[in-house]
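# Remarks on the overall topology
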Amino acid sequence: METQGVETVFKPLGITYEVTEAKLDQAEIISRMSDYLTANRNRIQAIIGLGDLVTGSIKRVFNQVHIKPGDIPVIGWGNSTDTAQEVLDSYVNAAMWQDPQATSYLALSLAAMAASGIPPGFDITVGTLYEKDKAATYLKIMEGSGDK
Amino acid sequence: MTSFFQNVVSKPQFGPFVLLICEVAGFSACSPAFLSPGNVSNLLAFTPELGMMALAMTLLMVSGEFDLSVGSLFGFAPIVMWTLYNAHITPLEIGFLVALAVAVLIGFINGWMVTRLKIPSFLVTLGMLLVVRGTALYLTSGFPQRTWTADSPLTRLMVGEFTIGQFSIHASVLWWLLCGAVLGYVLTHSRAGNWIQAAGGNPDAARARGVRVPFTKILLFMLTAVIAAYAGITSSIRVSAANPNSGTQYELEIIAMVVIGGTALTGGRGTIIGTVIGVLLLRIMQNGIVLIGIPGLAYNIFIGAIILAMMALHSWLERRHRTGV
């Protein structure tokens, strides 16, 4: 789904892209991303992290291959403390917060409406893209301390 | 001079060594970045963590057994250590020792079930893989453990980084080489090494000659488990992350490294230097195919195909070697 989404946006604009698998282990993710950046540094204009582990590894990868924060624009999933911290530190430009409770509760409410014969007919937004100015809010939420 | 050359060529690890030279030469020719300091540093960052597990696995496989639970222990041990530390239950160093002790216990259970209950190591360690992975997921509710705030002499000792220009190396490389030297000595120059090879080559004959086969195997299961735990903790400190899914499928990759290095799957034969070459062969291949521009999603196809090709070539070289050609 995610790669299809990338294609529907990029293809009409003539933007070339490559999707690469990163695995589930952070050490291997960092190793593969570092290899890829070493090989393709001059061709990479931007990075989209399709997964929290990937986006949350950007700082470690950039440090390993000696890329300064901001040299390559990065966006991606942002439901991890690592990513929120990377946004604050300018390694990641923007990250996607998807509220876990809203995603499940509101979707079930919609399903319950549909089951009881009320067609929803509308979408519910359960996430937002956050940048440096709002990253501290989401970092606090994920650390369990709330934004107070 | 001729006898020296014949001696070198007759070594079982000569075939993999030739493959390694060809691989390095090939990737160097195809990608100027391959031998760059940055890429060599990347390559050497992750290699010791898998390499350590492969060294211990070599001894276990020479004794005729193998352990499928090493990948799950690689993920589980850091979870134990960081959970204890983050919950302020123990200092980091004590958490480290507790994680290693848990690994020793798991290794003992594996060894005891294989040698006393006579259950094949494939089944025992497959079951243990699921138990250990499941425990890691249960303990963490599936979430990674935080490791950022830890700063201890232990972390610097295990993975401290030395940088010269663009080239950087972690202390884990030195520990890997030291571990290789010690285990290589044990396997080839000690009575324990004779026991290990005898236990894998002909267990009945070994028993008849007084070798304590079950005891030897239990110790090797414990060694394999504790080194897998150590490697996992090393990795978690280096990447500042402890994820319950870490190490998934590493067991198969490690067995492939050991077999490519010349260790027989049936036991009785294998060398540490061969395994080091096998580790380098596979890791360099994984690095090199990215550098030469293999498409990202086709990565596993190439890795699998190249492992098969290398095994076939290795087998052919060994058959030629045995027939004296």
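Our subject is the structure that appears above.
Throughout what follows, the structure given in this document is the object of discussion. (Residues numbered from 1 in each chain as written. Chains lettered and ligands numbered in written order. Predicted model: local features only at pLDDT ≥ 70, side-chain atom pairs only at ≥ 80, totals over all residues. Heavy atoms only, no water.)

### Observations concerning helix H5 (residues 81-88) of chain A
Residues and elements named next belong to chain A. Buried residues dominate H5, accounting for six of its eight residues. Among the residues of H5, Thr81, Asp82, Thr83, Ala84, Glu86 and Val87 are the ones counted as buried. Remark: Ser90 follows H5 within two positions and exhibits a positive phi of approximately 70°. (Buried < 20%, exposed > 50% of the residue type's maximum accessible area, 1.4 Å probe, protein only. Helix = DSSP H or I, 4+ residues; strand = E, 2+ residues; numbered from the N terminus.)

### Quick notes on the interface of chain B and chain A
One frequently used descriptor of interface size is the decrease in accessible area upon assembly of the parts. Contacts between the two partners involve 33 residues from chain B and, on the opposite side, 25 residues from chain A. When the two sides are added together, the surface that chain B and chain A hide from each other amounts to roughly 2300 Å², 48% of it contributed by carbon and sulfur. In this structure, the connection of chain B to chain A is made through zero salt bridges. Applying the counting rule to chain B against chain A returns eight residue pairs in polar contact (both at pLDDT 80 or more). Contributing elements (two or more residues each) for the side of chain B that touches chain A: helix H3 (37-62), helix H11 (213-239), helix H12 (250-260), helix H13 (272-291) and helix H14 (299-322) of chain B. (Contact = heavy atoms within 4.5 Å. Buried area = accessible area lost by both parts, 1.4 Å probe. Salt bridge = Lys/Arg side-chain N within 4 Å of Asp/Glu carboxyl O. Polar contact = N/O pair within 3.5 Å; in protein donor to acceptor, adjacent residues only side chain to side chain.)

### Things to note about empty space enclosed by the protein
Using a probe with the size of a water molecule, rolled over the atoms, empty space left in the structure can be pinpointed. Taken as a whole and judged by the stated rule, the model has two cavities of 30 Å³ or more. In this model, the largest cavity occupies a volume close to 60 Å³. Forming the walls of the largest cavity are 14 residues, and the residues nearest its centre are Asp25 of chain A together with Gly232, Ser236, Ala241 and Ser246 of chain B. Residue assignment for the lining of the largest cavity shows that the elements contributing at least two residues are helix H2 (26-40) of chain A together with helix H4 (70-86) and H11 of chain B. Per-element accounting of the lining of the largest cavity gives the leading share, four residues, to H11 of chain B. In terms of residue class, the lining of the largest cavity is built from six nonpolar, seven polar and one charged. (1 Å grid on protein atoms, 1.4 Å probe; cavity = no way out; pocket = protein on both sides within 12 Å on 5 of 7 lines; lining within 4 Å. Points joined across faces, edges and corners; volume = space filled by probe spheres on them. Nonpolar A, V, L, I, M, F, W, Y, C, P; charged D, E, K, R; others polar.)

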